[in-house]
Amino acid sequence: MPKLQNKRSKQLLAAIAVVAFGISFFFLLQHLGALRDGTQKLFRVMSPFVVGGITAYIVSPLCTQLNQWLNRLLLRMKWKPTRARSMA
């Protein structure tokens, strides 16, 4: 970006930035309904993934603990896994 040496060019750049922000804000307000509909659709699509992630986060320690408990129990019973027989 070139150096802004004089006060006039800095003021001009600030005025352009304010106008651009104002136009963007006006556009946002004019299309607020479409923006709201779009975000609702996005949340509807993403909600199963969010719920699944939260569920996995909660259930993971429980499954790990259950796995450790079952391994200790089966080792005490001297259980050894066997191969399944073929049905054919």
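Since this is a predicted model, take the numbers as computed values, not measurements.

**Q** Teacher, can you tell me more about the overall build of the chain here?
**A** The number of helices and strands found in the chain is 2 helices and 0 strands. Summed over all atoms, the accessible surface of the chain reaches about 9000 Å², with 69% contributed by carbon and sulfur.

**Q** Would you mind going over the packing of aromatic side chains with me for this structure?
**A** The geometry of two aromatic rings is summed up by the distance between their centres and the angle between their planes. By the definition in use, this model includes 1 aromatic pair. Ring geometry for Phe21 and Phe25: centres 6.3 Å apart, planes at 15 degrees, overall stacked. Of the two residues, Phe21 and Phe25 both sit in helix H1 (residues 7-30), 4 residues apart, roughly one turn of that helix. The class for Phe21 is exposed, based on a relative accessible area of 59%.

**Q** Looking at this structure, I do not really get helix H2 (residues 32-76). What am I missing?
**A** Residues that lie three or four places apart on an α-helix share one face, since the helix turns once every 3.6 residues. If you check H2, its first and last C-alpha atoms are 65 Å apart, about what 45 residues at 1.5 Å a residue would give, namely 66 Å. At Met46, H2 shows its largest bend, some 40 degrees, and a proline, Pro48, comes one to four positions later.

**Q** Honestly, a nonpolar patch on the surface in this entry has me stumped. Any pointers?
**A** Judged by side-chain polarity, Leu42, Val45, Met46, Phe49, Val50, Ile54, Tyr57, Ile58 and Val59 come together as a nonpolar surface patch covering roughly 950 Å² of accessible area. Along the chain, the position of Val59 falls in helix H2.

**Q** Just checking my understanding: could you explain the environment of Ser47 for this structure?
**A** The residue Ser47 is located in helix H2 in this model. A polar contact is formed between the side chain of Ser47 and the backbone oxygen of Arg44, at a distance of 3.3 Å.

Cut-off values and rules
Residues numbered from 1 in each chain as written. Predicted model: local features only at pLDDT ≥ 70, side-chain atom pairs only at ≥ 80, totals over all residues. Heavy atoms only, no water. Helix = DSSP H or I, 4+ residues; strand = E, 2+ residues; numbered from the N terminus. Areas by Shrake-Rupley, 256 points an atom, 1.4 Å probe, with all protein chains shown as cover. Phe/Tyr/Trp six-rings, centres within 6.5 Å; stacked < 30°, edge-to-face > 60°. Buried < 20%, exposed > 50% of the residue type's maximum accessible area, 1.4 Å probe, protein only. Expected span 1.5 Å × (residues − 1). Bend = angle between axes of the 7 residues up to and from the residue. Patch = residues over 30% accessible without salt bridge, like charges linked within 9 Å, V, L, I, M, F, W, Y side chains within 5 Å. Salt bridge = Lys/Arg side-chain N within 4 Å of Asp/Glu carboxyl O. Polar contact = N/O pair within 3.5 Å; in protein donor to acceptor, adjacent residues only side chain to side chain.

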